[in-house]
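Reading the structure
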Amino acid sequence: MKYYSIDRIQAEDAYYNIIFGARSNGKSTAVCKMLIDEFKQHGHKFGRILRYANDAYDSLMQAWFDSDYLQQYVLDTYGQAIAFQYGEWFFYDPSDDPNKKTIEKEVFGRYFILNSEFRYKSAQFDEITNLVFEEFVLLNPADYIPFEWEHFLSLVSTINRHRDNLRVWFIGNTLNKSNPY
């Protein structure tokens, strides 16, 4: 089975990277694999943008790294597993229970809520070097947050404060004329 590759787009070393294509072709899996390797090889953490807080329920966030391919890759390559809890993705020893309070966790990602971007303004996010906005394209133009582009730019400015090493990854299934990005 051939997997989607982001090698060509990564080679451009751009600050903004847009990936779009057919559903289920491996875009998200390829980006997730890159996020895993970026952290394990360079200590680079990531942030994932969600439009609304109700998009952040635990089972959906856990599912982002739950493909058989990614779980097996992390186990074979790094001897660990990935879980999501309390707003963070982390690596852990697969012989442990990720729900145990005393588990040793290696946090490598978190999410940001776009329609609440103002809540992050006073915080520092220097450890975030990759920011992913999956499903940045919506079918219905009315579903975008009012002034969404401005909220997005404000969030990026907050995360990227006084540095120039943040890369933004847009992942979508299609493009349409009403997309603010």
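Look up: the structure comes first, before these words.
Since this is a predicted model, take the numbers as computed values, not measurements. Position labels on residues start from 1 in each chain and follow its written sequence. Reporting of local features is limited, given that this is a predicted model, to residues whose pLDDT is at least 70; pairs of side-chain atoms are given and counted only at 80 or more, and all residues count toward the totals for whole chains, interfaces and linings. Side-chain measures were taken over the full set of non-hydrogen atoms in the model, leaving aside hydrogen atoms and water.

**Examining the packing of aromatic side chains**
Aromatic pairs are defined between Phe, Tyr and Trp rings, using the six-membered ring for Trp, whenever the two ring centres lie within 6.5 Å; interplanar angles under 30 degrees are classed as stacked, those over 60 as edge-to-face, and all others as tilted. With the rule as written, the count across this model stands at 25 aromatic pairs. Note on phenylalanine 46 and tryptophan 64: the rings are 5.9 Å apart at their centroids and 50° apart in plane angle, and the pair reads as tilted. Pair noted here: phenylalanine 46 is in strand β2 (residues 45-50) and tryptophan 64 is in the loop between α3 (58-63) and α4 (68-78), with a separation of 18 residues, a long-range link. Across this residue pair, the class does not change: phenylalanine 46 and tryptophan 64 are buried. Against the face of tryptophan 64 rests arginine 48, its NZ or CZ located 4.3 Å from the ring centre. Labels follow the DSSP assignment, with helices taken as runs of H or I lasting at least four residues and strands as runs of E lasting at least two, numbered in each case from the N terminus. Three labels apply to residues, based on accessible area from a 1.4 Å probe with only protein chains included: buried if under 20% of the type maximum, exposed if over 50%, partly exposed otherwise in between. Any Lys NZ or Arg CZ that is within 6 Å of a ring centre and within 35 degrees of that ring's normal is treated as a charge sitting over the ring.

**Some words on the sheet that holds strand β3 (residues 81-85)**
The pairing of strands in a sheet comes from backbone hydrogen bonds and takes either a parallel or an antiparallel form. With mixed pairing, the seven strands of this open sheet are ordered in space as β1-β7-β6-β2-β5-β4-β3. Unpaired on one side and paired on the other, β1 (16-20) and β3 mark the two borders of the sheet. With direction set aside, neighbouring strand axes in the sheet form an average angle of 20°. Here, a strand pair is defined by DSSP locating no fewer than two bridges between the strands. As paired elements, strand β6 (residues 128-134) and strand β7 (residues 167-172) share five bridges and run parallel to each other. All axes are obtained by fitting lines to C-alpha atoms, using only the stretch in contact for helices, and the reported angles, taken between N-to-C directions, cover 0 to 180 degrees.

**Focus: the packing of helix α2 (residues 27-42) against α4**
Direction vectors running N to C along α2 and α4 enclose 20°, while the axes themselves pass 11 Å from each other. By the angle class used here, α2 and α4 are roughly parallel. Every pair of crossing elements has a handedness; the one defined by α2 and α4 is right-handed. On α4, the residues touching Thr29, Cys32, Lys33, Ile36, Asp37, Lys40 and Gln41 of α2 are Tyr69, Leu70, Tyr73, Val74 and Tyr78. Partitioned by chemical class, the residues of the contact of α2 with α4 number seven nonpolar, two polar and three charged. Note on terminology: angles under 35 degrees are roughly parallel, angles over 145 are roughly antiparallel, angles of 65 to 115 are roughly perpendicular, and the others are oblique. Left-handed is the label given to a crossing in which the near helix is rotated counterclockwise from the far helix by less than a right angle, and right-handed is the label when the rotation is clockwise. Should any heavy atoms of two residues lie within 4.5 Å, those residues are counted as being in contact. Think of it as three bins: nonpolar holds Ala, Val, Leu, Ile, Met, Phe, Trp, Tyr, Cys and Pro, charged holds Asp, Glu, Lys and Arg, and polar takes everything else, Gly as well.

By themselves these figures say nothing about function.
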